[in-house]
Each structure stands twice: as structure tokens, then as C-alpha cells.
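Tertiary structure, described
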Amino acid sequence: MKNSSIYYSVGPLLYCPANRETIAPSLIGQKFGDSFSLALCLEDTIGDSHVEEAERCLANSIRQIRCALEHTSFYLPKIFIRVRCPQQIMRMVRLLGDSQELLSGFIIPKFSPENADAYIQQMITANEFLARRLYLMPIYESVCIIDLRSRFDVLYTLKEKLSRVEELVLNIRVGGNDLCHLFSFRRHAWESIHRIRPIADIFSAIMAVYGMDYVVSGAVWEYYSGYGWREGLINELADDRLCGLIGKTVIHPNQIDVVNDACRVTQKDYDDARSILHWDSDSAYAVSASPARERMNEHKTHTNWARQTLYLAERYGIKPCQERIAR
């Protein structure tokens, strides 16, 4: 598992087309709140003939934000650019100029054995050029991970390639909608993506390969209004956490608070985590009842969970214990 809270800090990642001119005013006016990350997309949300225009618009938005920070105070999220090709990474770094200091990193779409080396080399070049850390977040969403005969070979090949830049990989992200598209699936607001077995099996394979070494995030949730959208998101987030997925891609500000609340740690989990990590090394026992005396805590078995729990508590806070909502 990752040994720093930075890898658990992305939380709700709000996607926005990079050519939207309201980005800077909305951010400066704190219309999105004060606890989220921002993805400015140059890929699927931009028409193929409007890419250069979107690049200029994105750079102008970042410059506006940087200028505003000089004379006013507002929440500055981690800002990522979702590119559409490897060469776009250094092109955007140069286009941003001094404003690149506001950039946290790049999101790599449709990460595959065919493009992985080029993307990784571009990220190495960008980090060397700027002499500071820019993170990357590859998205696993392409057809190359569908075939059961080669799925694990592909996943392990990509993991081996990422080992060159492991400390730069902030999250592994999963492309729920792109994977569903390949099968012509689409879930309703009351349906969790984890019930779609072909997609859930892909997520499970990704967790099996990457989950011990990287933070893996949850898939996008499409619904932001209408009947049952919030309850559906809450239920899917609970499934995400149970399966090891942390954080989530969101597409509307309405979703941000729901994701942040799901990332918060319950008081009982927090108390258990502290108890496990502060175990008496001289004790003859490596197992005991939890502080609330409701379950078993085992020092050797629950240490990784406890560390992760404290990282999440550090970033998102603690909430009262709640009974699981029946479904």
C-alpha cells in the first residue's frame, strides 16, 4: 500500500471540458466547494477539430486562476489535465508557462501496452524539465483488458512499465463508462456498477494486480439529479469501498459532498485503526477485542487496513458511526 496521504487525497475528481470558459470564474468564486480535485479534459469531451482551441482556453483559465491567487484567497484544488496523446503533455507544459506551477499532473486515457512507454517517457521528460513532481493517473478503460485470455498479461505488462515511475502514479483509475460502452451497458441510478459482472470482474482483476501497491479509484457516476440519484451514488460508493476503490470520478458539483462523506472514516474504524497501530509490542497477544468490543482486532492481519484508515481520516475527517442502509 502507498505510505503517504497524498495518494489518498484526490477524492472526488470533477471532470470538466477544457474549453469551458466558466472554469476560472467558478473556481475563483468557490462554486464547487472546498474539497475536490479538478480534471480538465482535452480528450473525449472535446471535438476533434477543436483541440487547439481547447488547449488555449485551458491555458488561459489556469493563467486567470494564478492571477487571481495574487490578490484573493480561495480553495485551489489539485488540477489535472486529461490529454489525448503523449505529445500533448509537453505541449501543455510549455503552453502554460509559469502557470504550470498550479498543475498537479496529467490523466492518461485508454492506457495500453501500445501507448504506455510514450506516455511514461513524456511524464519523465516533463518532471525533468520542470524540476518538480508532476503526477500521472492512467485510466484502464481500453479494449485490451477485455479479453479473458490475455487480461492478466496486459495488466502485469502495464504494471511493469509503470514501475519506472511508481512514485509518480497518484492513482490508478478505472473507466467505467468506456468499459460499459464496449458491451452496450448503462446502469440506472438505482443500479451499482458492481452488479454488472463483466465490468466488476475487470475491476476485480485490476485490484488483484495493483491494489497492494497503488490506490485505485472508483468509476464515474453519471447521475446528479432526479429520483434516487443520491441514494444510488451512496450505495455504489459503499460497494467501491468494500472492493478497495477509493475516491471517485464525478461530473457535477452535486456529487462532491456525497463522495467526500463516503471517504470519511467512522469513529469506530478510527479508534480501531489507532488501537492496531499502537499495539503493545511486549504483549503476549496479537489479537484482542476492538475498543467498542464489537469485533476482533488482529495486529498482524489488520495493520495495512489501519494505516490506510488513518490516511483517509487525515484527509477527509471522521464521522459518527452509522448503520448500513438496507438495500
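All of these numbers come straight from a predicted model, not from anything done at the bench.

Cut-offs and rules
- Residues numbered from 1 in each chain as written.
- Predicted model: local features only at pLDDT ≥ 70, side-chain atom pairs only at ≥ 80, totals over all residues.
- Heavy atoms only, no water.
- Buried < 20%, exposed > 50% of the residue type's maximum accessible area, 1.4 Å probe, protein only.
- Helix = DSSP H or I, 4+ residues; strand = E, 2+ residues; numbered from the N terminus.
- Pairing = 2+ DSSP bridges.
- Right-handed = clockwise from strand over helix to strand, strands pointing away.
- Axes fitted to C-alpha atoms, helices over the stretch in contact; angles between N-to-C directions.
- Parallel < 35°, antiparallel > 145°, perpendicular 65-115°, else oblique.
- Left-handed = near helix turned anticlockwise from the far one by under 90°.
- Contact = heavy atoms within 4.5 Å.
- Nonpolar A, V, L, I, M, F, W, Y, C, P; charged D, E, K, R; others polar.
- Phe/Tyr/Trp six-rings, centres within 6.5 Å; stacked < 30°, edge-to-face > 60°.
- Lys NZ or Arg CZ within 6 Å of the ring centre and 35° of its normal.
- Salt bridge = Lys/Arg side-chain N within 4 Å of Asp/Glu carboxyl O.
- Core = buried A, V, L, I, M, F, W, Y, C linked by side-chain atoms within 4.5 Å.
- Patch = residues over 30% accessible without salt bridge, like charges linked within 9 Å, V, L, I, M, F, W, Y side chains within 5 Å.
- Areas by Shrake-Rupley, 256 points an atom, 1.4 Å probe, with all protein chains shown as cover.
- 1 Å grid on protein atoms, 1.4 Å probe; cavity = no way out; pocket = protein on both sides within 12 Å on 5 of 7 lines; lining within 4 Å.
- Points joined across faces, edges and corners; volume = space filled by probe spheres on them.

1. Here we look at the pairing of strand 4 (residues 103-108)
Among the 6 residues that make up strand 4, 6 are buried, leaving the element largely enclosed by the rest of the structure. Bridge count for strand 3 (residues 79-82) against strand 4 is 4 bridges, and the pairing is parallel. Looking at strand 4, one finds that Ile 81 is bridged to Phe 106. In this view, the connection linking strand 3 to its parallel neighbour strand 4 by way of helix 3 (residues 87-96) has right-handed handedness. Note: strand 4 against strand 5 (residues 135-140), 4 bridges, orientation parallel. Within the sheet, the bridge partner assigned to Phe 106 lies in strand 5 and is Leu 136.

2. Some words on the packing of helix 10 (residues 267-277) against helix 11 (residues 299-316)
Where helix 10 contacts helix 11, the two axes come as close as 8 Å, and the packing angle between them is 125 degrees. As far as their axial angle goes, helix 11 and helix 10 are oblique. You can see that helix 10 and helix 11 cross each other, and the crossing is left-handed. Contact residues: Asp 269, Tyr 270, Asp 272, Ala 273, Arg 274, Ile 276 and Leu 277 in helix 10; His 299, His 302, Thr 303, Trp 305, Ala 306, Arg 307, Thr 309, Leu 310 and Ala 313 in helix 11.

3. Examining the packing of helix 6 (residues 176-183) against helix 7 (residues 197-210)
Contact geometry for helix 6 and helix 7: axes closest at 10 Å, N-to-C directions at 135 degrees. Viewed along their axes, helix 6 and helix 7 adopt a mutual orientation that is oblique. Viewed along their axes, helix 6 and helix 7 form a crossing whose handedness is right-handed. Side by side, helix 6 and helix 7 meet where Gly 176, Leu 179, Cys 180 and Phe 183 of the first sit next to Pro 198, Ile 199, Ile 202 and Phe 203 of the second. In terms of residue class, the contact of helix 6 with helix 7 is built from 7 nonpolar, 1 polar and no charged.

4. Regarding the packing of aromatic side chains
This model, assessed by the stated rule, comprises 9 aromatic pairs. For the pair Phe 183 and Phe 185, a centre-to-centre distance of 5.2 Å together with 10 degrees between the ring planes defines the contact as stacked. A connected cluster of aromatic rings, assembled from ring pairs, spans Phe 111, Tyr 140, Tyr 210 and Tyr 214. The aromatic ring of Tyr 7 is capped on one face by Lys 2, whose charged end is 5.0 Å from the ring centroid. Seen from the ring of Tyr 214, Lys 2 lies directly overhead, with NZ or CZ sitting 5.0 Å from the centre.

5. Quick look at the side chain of Ser 104
By the secondary structure assignment, Ser 104 is in strand 4. Using a relative accessible area of 17% as the deciding quantity, one classes Ser 104 as buried. Contacts of Ser 104, omitting those with residues within four sequence positions, involve Lys 78, Ile 79, Phe 80, Arg 133, Leu 134 and Tyr 135.

6. Comments concerning unusual backbone geometry
Positive phi, close to 50 degrees, is recorded for Lys 110, a residue that is not glycine. Relative to the assigned elements, Lys 110 resides in the loop between strand 4 and helix 4 (116-130).

7. So, the pattern of salt bridges
Going through the model one piece at a time under the given rule, you end up with 25 salt bridges. Of the charged contacts, one joins Lys 248 and Asp 240 as a salt bridge, the two residues approaching to 2.8 Å between their closest N and O atoms. The closest approach of N and O atoms between Asp 272 and Arg 295, which form a salt bridge, is 2.8 Å. In this pair, Asp 272 sits in helix 10 while Arg 295 sits in the loop between strand 9 (287-289) and strand 10 (296-298), placing the two residues 23 residues apart along the sequence.

8. Concerning the sheet that holds strand 5
An order of 6-5-4-3-2-1-7 is seen for the 7 strands of this open sheet, with the pairing classed as parallel. Because the sheet does not close on itself, it has two edges, and the strands there are strand 6 (173-174) and strand 7 (248-250). Strand direction decides the pairing type here: strand 5 and strand 6, joined by 2 bridges, are parallel. Paired with Tyr 140 across the bridge in strand 6 is Val 174.

9. Side note on the nonpolar core
A general trend in soluble globular proteins is that nonpolar side chains are found buried together. Core analysis: the largest hydrophobic core is formed by 100 residues, its most contacted members being Phe 106, Tyr 140, Leu 162, Ile 206 and Tyr 210. The element contributing the most residues to this core is helix 7, with 8 residues. For Tyr 210, the contacting residues outside a window of four places in its chain are Tyr 140, Leu 155, Leu 158, Lys 159, Leu 162, Ile 172 and Val 216.

10. As for a nonpolar patch on the surface
Together, Val 143, Leu 182, Phe 183 and Phe 185 make up an exposed nonpolar region whose accessible area comes to about 330 Å². Inspection of the secondary structure puts Val 143 in the loop between strand 5 and helix 5 (151-162).

11. Regarding the layout of surface pockets
Volume-wise, the second largest pocket comes out at about 400 Å³. Together, 19 residues line the second largest pocket, and Tyr 15, Arg 82, Asn 177, Asp 178 and Val 220 are the ones closest to its centre. Looking at the lining of the second largest pocket, the elements with two or more residues in it are strand 6 and helix 6. Broken down by element, the residue count for the lining of the second largest pocket peaks at 4 residues, all from helix 6.

Coordinates in, geometry out; function isn't part of it.
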